[in-house]
Amino acid sequence: MAALAAQNAEDGFSKLQIFLQQLIDWSVNAGGRILGAVIIFIVGRVLISFLNKFVARLLARRHIDASIQSFVKSLVNILLTILLIVAVISKLGVETTSFAALLASAGVAIGMALSGNLQNFAGGLIVLLLRPYKVGDLIESQGITGTVREIQIFHTILVTADNKVIYIPNGSLSSGTVTNYSREETRRVEWIVGVEYGEDYEKVERTVRRILAADSRVLSTPEPFIALHALDASSVNVVIRVWVKSSDYWGLYFDMNKTIYNVFNQEGIGFPFPQLTVHQAKD
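Okay, so let's go over this structure. (Residues numbered from 1 in each chain as written. Predicted model: local features only at pLDDT ≥ 70, side-chain atom pairs only at ≥ 80, totals over all residues. Heavy atoms only, no water.)

1. What about helix H8 (residues 249-267)?
Which entries qualify depends on this criterion: Put simply, DSSP marks the helices as runs of H or I at least four residues long and the strands as runs of E at least two long, and each gets a number from the N terminus on. Expected span of a helix: the number of residues minus one, times 1.5 Å. What makes two residues a contact is simply this: any of their non-hydrogen atoms within 4.5 Å.
Across its 19 residues, H8 extends 26 Å between first and last C-alpha, which sits within 8% of the 27 Å expected from 1.5 Å per residue. Buried positions along H8 lie against strand S6 (186-195), helix H7 (201-213) and strand S8 (236-245). In the segment just after H8, glycine 268 is the residue with positive phi, at about 75°.

2. Examining the packing of aromatic side chains
In plain terms, the rule: Here a pair means two rings of Phe, Tyr or Trp (six-membered ring of Trp) with centres within 6.5 Å. Their orientation is stacked below 30 degrees between planes, edge-to-face above 60, and tilted elsewhere. Relative accessible area decides the class of each residue, using a 1.4 Å probe on protein chains only: under 20% of the type maximum gives buried, over 50% gives exposed, and in between gives partly exposed.
What the rule picks out here adds up to seven aromatic pairs. With a centroid separation of 6.1 Å and 10° between ring planes, the pair formed by tryptophan 191 and tyrosine 253 is classed as stacked. Taken together, the residues span a long stretch of sequence, with tryptophan 191 in strand S6 and tyrosine 253 in helix H8 at a distance of 62 residues. Given a relative accessible area of 3%, tryptophan 191 falls into the buried group. Centroid distance tryptophan 250 to tyrosine 253: 5.8 Å. Interplanar angle 75°. Geometry classified as edge-to-face.

3. A short note on the sheet that holds strand S4 (residues 165-169)
To keep things clear, this is the line we draw: Think of it this way: DSSP has to see at least two bridges between two strands before they count as a pair.
Spatial ordering of the open sheet is given by S4-S3-S2-S1-S5, a layout of five strands whose pairing is antiparallel. Looking along the sheet, the strands with just one partner apiece sit at the ends: S4 and strand S5 (179-180). Direction of pairing for strand S1 (residues 138-141) relative to strand S2 (residues 144-151): antiparallel, over a ladder of four bridges. Bridge pairing in S2 links isoleucine 139 to glycine 146.

Rendered as structure tokens:
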């Protein structure tokens, strides 16, 4: 009995040694794969950063349009990141063919989940081909007005006048209405100014023309247009239309409001107040 017990103990010890050896071998192999995957990831991130900078310098050196530059840089970064993920997974021991088969089997679900992004990607290509706007343009779309900072593969980034950063999907921009305020070199500015009934219209028009002539931002061609717009309930409305460079639009618009107010006051041209005439019946 003692010999049998000793034999069983020896067999159990041998199995334990074999198990521990297998565990050590697996740990060494797993540790090597994990270490290799970490090294690949770190080196890959460095290479991706280098390649992104190289592509950016190459595009800038060739004077590629800024809109295309931002799109290409975003696309290259995503593709390189996907390749890095596949390399890391492969180093960890996951068969890339199995990984590809897994993605293929889940293709329908992924396609449904990414249908919006695929539409935005196609929209980005349409924007680059048809060029309704480019980086630096002031545009209005989806109820938002801002300057285009970047055109990425899925979104266009706008910066509003109050410095908000807005991401608009390219799909919406390619299929919706886009107003580009920067496409043309000139724009028309319009004011409607109300004066009191009884004011000399000829005097008002002469005063307005003198104000416009004193501002170099007002273009002479097409020439300014001034006319009596409407006889409103409490005011005589005068419409003023001039053409300016697109970059001068808002500056002239607000400056002219101030100038008209000051000069009209100096000339004694009155601005109207809402009036209500009440007729009292006699007894």
